[in-house]
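Now for the letters of each chain:
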Amino acid sequence: MSDLRGSCQCGTVTYEVADAFEYAINCHCSLCRRTTGAAFKPIAGIPAAKLRITAGQDAIRVIGAAGWHDERCSACGSFLYAVVREGAYVHVAMGTLIDTPTIRPTAHIFVGSKAGWYTITDDLPQYDGHVV
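Just so it is clear, the model here is predicted, and its values are computed rather than measured.

**Student:** Please explain the layout of surface pockets as it appears in this structure.
**Tutor:** Where empty space is left can be seen by rolling a probe of water-molecule size over the atoms. Estimated volume of the largest pocket: approximately 390 Å³. Listing elements by their share of the lining of the largest pocket, those giving two or more residues are β3 (23-27), α1 (30-36), β4 (41-47) and β8 (79-84). When the residues that make up the lining of the largest pocket are grouped by side-chain class, the tally is 14 nonpolar, four polar and three charged.

Printed below as a string of structure tokens:
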């Protein structure tokens with residue numbers, strides 16, 4: 001298992017994460033769309049212990065509650081990852097990865113609330129809510 005590098009847009013916050021993601025999905029919920037400003041948020045889930053901040057720990061801004069929150073760079077605002085499942089897992093924003101992970105998104109979730117202006121054009125399974 002190798003490590004992947006990732007960073008925010010300005011490079012203030014950098015991280016390493018094991019290339020051992022357990023799942024990857026494209027989330028279309030309204031919160032994820034607002035978080036990214038995009039039609040959906042591609043995320044990859046992994047136990048939190050497998051992600052390590054390598055620079056800029058003091059520049060991370062936490063947005064949200066204790067059981068589930070986002071972590072962003074306070075300098076450029078880039079969304080880096082969400083801390084979920086009471087802190088046990090992180091959902092890494094796949095767009096912040098510098099290196100290419102072996103996993104690919106396998107489904108679209110919360111399609112029931114996707115942006116009306118976006119059309120999904122791939123053949124991945126689509127779920128109105130969370131993956132069943």
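Still more to cover.
**Student:** How do you make sense of the sheet that holds strand β5 (residues 51-55) when you look at a structure like this?
**Tutor:** Strand-to-strand pairing in sheets goes through backbone hydrogen bonds, with the strands running parallel or antiparallel. Strands sit in the order β1-β2-β5 across an open sheet of three strands; the sheet is antiparallel. At either margin of the open sheet sits one strand with a lone partner, and together these are β1 (3-7) and β5. Looking at each pair of strands side by side, their axes are set apart by 25 degrees on average, direction ignored. The pairing of β1 with strand β2 (residues 14-18) spans five bridges and is antiparallel. If you follow Ser7 over to β2, its bridge partner there is Thr14.

**Student:** Whenever I open this one, the pattern of salt bridges confuses me. Can you help?
**Tutor:** Counted according to the given criterion, the structure contains two salt bridges. Residues Asp99 and Arg5 are paired through a salt bridge, measuring 2.7 Å at the closest nitrogen-oxygen approach. Residue Asp99 is found in the loop between β9 (89-93) and β10 (108-109), and its partner Arg5 is found in strand β1; the two are separated by 94 residues along the sequence. The exposure class of Arg5 is partly exposed, given its relative accessible area of 42%. The partner of Glu16 in a salt bridge is Arg52, with the nearest N and O atoms 2.6 Å apart. Of the two residues, Glu16 is situated in strand β2 and Arg52 in strand β5; the sequence distance between them amounts to 36 residues.

**Student:** Which parts of the structure should I look at to understand the environment of Ile120?
**Tutor:** Note that Ile120 resides in the segment after β10. Assessed through its relative accessible area of 13%, Ile120 is described here as buried. When the C-alpha atoms of Ile120 and Cys10 are compared, they prove to be 30 Å apart, with 110 residues separating the residues in sequence. Non-local contacts of Ile120, meaning those with residues more than four positions away in its chain, are made with His28, His108, Val111, Lys114 and Gln126.

**Student:** Mind showing me how you'd approach the nonpolar core here?
**Tutor:** It is characteristic of soluble globular proteins that their nonpolar side chains tend to be buried jointly. If you look at the biggest cluster of nonpolar residues, it comprises 23 residues, and the most contacted ones within it are Val13, Tyr15, Val17, Phe21, Leu51, Tyr81 and Val92. Those residues in contact with Val13 that sit more than four places away from it in its chain are Gly6, Ser7, Cys8, Ile53, Ala55, Gly56, Ala59, Ile60, Cys73 and Leu80. With seven residues, the next largest nonpolar core counts Ile25, Cys32, Ile43 and Ala107 among its residues.

**Student:** Where do I start with the environment of Ala115 in this structure?
**Tutor:** Looking at the element boundaries, Ala115 is found in the segment after β10. For the pair Ala115 and Ile43, spaced 72 residues apart in the sequence, the C-alpha separation amounts to 17 Å.

**Student:** Looking at this model, I keep getting lost on the environment of Asp3. Mind explaining?
**Tutor:** With respect to the helices, strands and loops of the structure, Asp3 is situated in strand β1. Sequence separation of Asp3 and Pro101 is 98 residues, and the distance between their C-alpha atoms is 9.2 Å. Apart from the residues lying within four places of it in its own chain, the contact partners of Asp3 are Glu16, Val17, Ala18, Asp19 and Asp99.

Thresholds, definitions, all that
Sequence positions are assigned chain by chain, starting from 1 and proceeding in written order. Whole-chain, interface and lining totals are the exception, using all residues; otherwise, since this is a predicted model, local features are given only for residues with pLDDT of at least 70 and side-chain atom pairs are given and counted only at 80 or more. Working from all heavy atoms in the structure, the side-chain values ignore hydrogens and water. Points on a 1 Å grid over protein atoms alone make up a cavity when a 1.4 Å probe fits among them but cannot get out, and a pocket when they form an open set with protein on both sides within 12 Å along at least five of seven lines; lining residues each have an atom within 4 Å of a point. Grid points are joined across faces, edges and corners, and a volume is the space filled by probe spheres set on the points. In DSSP terms, a helix is any run of H or I states spanning at least four residues, a strand is any run of E spanning at least two, and both are numbered starting from the N terminus. Polar here means any residue other than Ala, Val, Leu, Ile, Met, Phe, Trp, Tyr, Cys and Pro, which are nonpolar, and Asp, Glu, Lys and Arg, which are charged; Gly is therefore polar. When DSSP finds at least two bridges between two strands, those strands are taken to pair. To obtain an axis, a line is fitted to C-alpha atoms, over the contacting stretch when the element is a helix, and the angle between two such axes runs from 0 to 180 degrees between their N-to-C directions. Here a salt bridge means any side-chain nitrogen of Lys or Arg lying within 4 Å of a carboxyl oxygen belonging to Asp or Glu. Relative accessibility under 20% of the residue-type maximum defines a buried residue, over 50% an exposed one, and the middle range a partly exposed one, all with a 1.4 Å probe and only protein chains included. Contacts were defined at the residue level, with two residues in contact if any of their heavy atoms lie within 4.5 Å. Residue types Ala, Val, Leu, Ile, Met, Phe, Trp, Tyr and Cys, when buried and joined through side-chain atoms within 4.5 Å, form a set referred to as a nonpolar core.

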